[in-house]
Amino acid sequence: MKVLSRLLIVLSLIGLNCASQPKPSDLAATIERQIRATYKLPPEAPVVVGPISPSPDWPGYDAFTVTIGEEGRKQSYPFLLAKDKKSIVRVNRIELSADPYADVMKKIDVRGRPVRGAKQSKVVLVAYDDLQCPFCTMMHQTLFPLLLKEYGDRVTFVYKDFPLPNHAWASHAAVDANCLASQNQDAYWSFVDSVHAGQREINGQGTQELRLAELDRLAMQQGADHKVDAASLQACVKTQNEAAVKASVHEAEAIGVDSTPTLFINGEEMSGGAVPLPRLRAALDRALKNAEQSAAPAAPQASPKN
């Protein structure tokens, strides 16, 4: 909701412009009126002003919340009220002691995922990929081989699944890829390369059944090329167990992913379609620099002079 996003970015002081101090019974109504006017909320939008009590964190202010919206689409926002009850302040507290990017990376499970580039590194690029997404194909071509050649000795590249519901064969392709990954990482990447490169040919198959059959054929071909156990691969491809794919989608949605491709470089989000190459290079260089600085030993403090 646009009305909610306005509240997330406004940090300025909101004057109540009262001619006289309102009575306690009128205060909530006055606050609601000012909130509606300041953020241009439509008349039908529910606005509830919560109880007012002394703020434990901000001396000289009382604290309360304003809840906007209905069940399922409502959100609460913290405010402060001056002791003279003549102004309120929208609170957007940011803890400097926490690393927001590190917190995001903790929520991304890369255990067991195939990797390209450095097997272990201090910079990890995670891409939530949809094998049927044309923008993902553009991103894939930028990452591999271009950025892999430039950063492959210092950066670990990982793909996770985020097939979009309107892409009819994307989830099937993700399952086939994971069947290969369970036996051979190189087979996984070769399949991902082939599908992204062959999107047009796959889509050109006359029916959905033929498109799925083509995906399975590509998976079995990559399995043969990399000498995986054919029977196990065939069984996995036939079963089409989507549990791992759904878990990846659930994980992605929990950190705010809603489109593909979406990348995280040490937790810093890169989204909005095929991310331009200069923006990617800048993010990778920044992550590498930050990693070097965090790994550097602290400079010894000078001894005080007598």
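Everything discussed here concerns the structure shown above.
Below, the structure is looked at part by part.

### Things to note about the overall build of the protein chain
For the protein chain, the count of helices and strands is 11 helices and 11 strands. Taken across its 306 residues, the protein chain has 43% of its residues classed as buried. Accessible area for the protein chain stands at about 17400 Å²; split by element, carbon and sulfur atoms hold 54% of it.

### Some thoughts on the sheet that holds strand S11 (residues 268-270)
With mixed pairing, five strands are arranged side by side in an open sheet as S7-S9-S8-S10-S11. In the strand order of this sheet, the two ends are held by strand S7 (115-117) and S11, each with one partner. Within this sheet the neighbouring strands show an average axis-to-axis angle of 25°, counted without direction. Bridging between strand S10 (residues 262-265) and S11 involves three bridges; their strand directions are antiparallel. For Leu263, the partnering residue across the bridge sits in S11 and is Met270. Along the sheet, helix H11 (residues 277-295) contacts strand S8 (123-129), strand S9 (155-161), S10 and S11; its crossing angle with S11, the most-contacted strand, is approximately 170°.

### Here we look at the nonpolar core
Ranked by size, the top nonpolar core spans 44 residues in total, and within it Leu125, Leu143, Phe191 and Ile265 carry the most contacts. What Ile265 contacts, discounting residues up to four positions off in sequence, is Val123, Val124, Leu125, Met270, Leu280, Ala283, Leu284 and Ala287. Of all hydrophobic cores here, the second largest spans 15 residues; its members include Met105, Phe162, Leu164 and Ala252.

### Description of helix H5 (residues 170-181)
For H5, built from 12 residues, the straight-helix expectation of 16 Å at 1.5 Å per residue is met to within 8% by its first-to-last C-alpha distance of 16 Å. Among the 12 residues that make up H5, 12 are buried, leaving the element largely enclosed by the rest of the structure. Of the positions making up H5, those classed as buried are Ala170, Ser171, His172, Ala173, Ala174, Val175, Asp176, Ala177, Asn178, Cys179, Leu180 and Ala181. For H5, the elements touching its buried residues are S9, helix H6 (185-197), helix H8 (208-225), helix H9 (230-239) and helix H10 (243-254).

### Considerations on the state of the cysteines
A covalent bond between the sulfur atoms of two cysteines is what we call a disulfide. Under the counting rule described, the total for this entry stands at one disulfide. Residue Cys179 pairs covalently with Cys236 via a disulfide, S to S 2.1 Å. Between Cys179 and Cys236 the sulfur-sulfur dihedral comes to about -80°; the bridge is accordingly left-handed. Taken as a pair, Cys179 in helix H5 and Cys236 in helix H9 lie far apart in primary sequence, 57 residues in all.

### Some thoughts on the environment of Cys133
Along the chain, the position of Cys133 falls in the loop between S8 and helix H4 (134-151). Its relative accessible area of 3% is what places Cys133 among the buried residues. Taking the C-alpha atoms as reference, Cys133 lies 8.5 Å from Gln199; in sequence the two are 66 residues apart. Not counting chain neighbours up to four residues away, the residues in contact with Cys133 comprise His167, His196, Gln199, Thr260 and Pro261.

### Thoughts on the pattern of salt bridges
If you walk through the whole model with that rule in mind, you get 12 salt bridges. Asp109 is paired through a salt bridge with Arg111; the nearest N and O atoms lie 2.9 Å apart. For Asp109, a relative accessible area of 30% translates into the label partly exposed. With relative accessibility at 71%, the residue Arg111 sits in the exposed group. Among the charged side chains, a salt-bridge network with shared partners connects Asp57, Arg93 and Glu95.

### Thoughts on the side chain of Arg211
Summarising the element assignment, Arg211 is placed in helix H8. Buried charged residue Arg211 carries no salt bridge. Nearest counter-charge: Glu209, at 10 Å. Leave out the neighbours within four places in its chain, and Arg211 touches Trp169, Ile202, Asn203, Gln205 and Gly206.

### Notes on H4
For the α-helix, the turn length of 3.6 residues means that residues three or four positions removed from each other point alike. Compared with the 26 Å implied by 1.5 Å per residue over 18 residues, the 24 Å span of H4 between its first and last C-alpha is a close match. Helix geometry: H4 is bent most strongly at Leu143, by close to 35°, with proline Pro145 lying one to four residues after it. Of all the residues in H4, the buried ones are Cys136, Thr137, Met139, His140, Thr142, Leu143, Phe144, Leu147 and Tyr151.

### What to know about the pairing of S8
Taking burial as the measure, the seven residues of S8 include seven buried ones, the bulk of the element. Residues of S8 alternate between two faces, with Val123, Leu125, Ala127 and Asp129 on one and Val124, Val126 and Tyr128 on the opposite face, all of them buried. Here S8 pairs with S9 via seven bridges, running parallel. Within S9, the residue paired with Leu125 across the bridge is Phe157. Where the polypeptide runs from S8 across H4 and back to S9, its parallel neighbour, the crossover connection is right-handed. Bridging between S8 and S10 involves four bridges; their strand directions are antiparallel.

Reading the values: the criteria
Residues numbered from 1 in each chain as written. Predicted model: local features only at pLDDT ≥ 70, side-chain atom pairs only at ≥ 80, totals over all residues. Heavy atoms only, no water. Helix = DSSP H or I, 4+ residues; strand = E, 2+ residues; numbered from the N terminus. Buried < 20%, exposed > 50% of the residue type's maximum accessible area, 1.4 Å probe, protein only. Areas by Shrake-Rupley, 256 points an atom, 1.4 Å probe, with all protein chains shown as cover. Pairing = 2+ DSSP bridges. Axes fitted to C-alpha atoms, helices over the stretch in contact; angles between N-to-C directions. Contact = heavy atoms within 4.5 Å. Core = buried A, V, L, I, M, F, W, Y, C linked by side-chain atoms within 4.5 Å. Expected span 1.5 Å × (residues − 1). Disulfide = S-S within 2.5 Å. Salt bridge = Lys/Arg side-chain N within 4 Å of Asp/Glu carboxyl O. Lys, Arg positive; Asp, Glu negative; His and termini not counted. Bend = angle between axes of the 7 residues up to and from the residue. Right-handed = clockwise from strand over helix to strand, strands pointing away.

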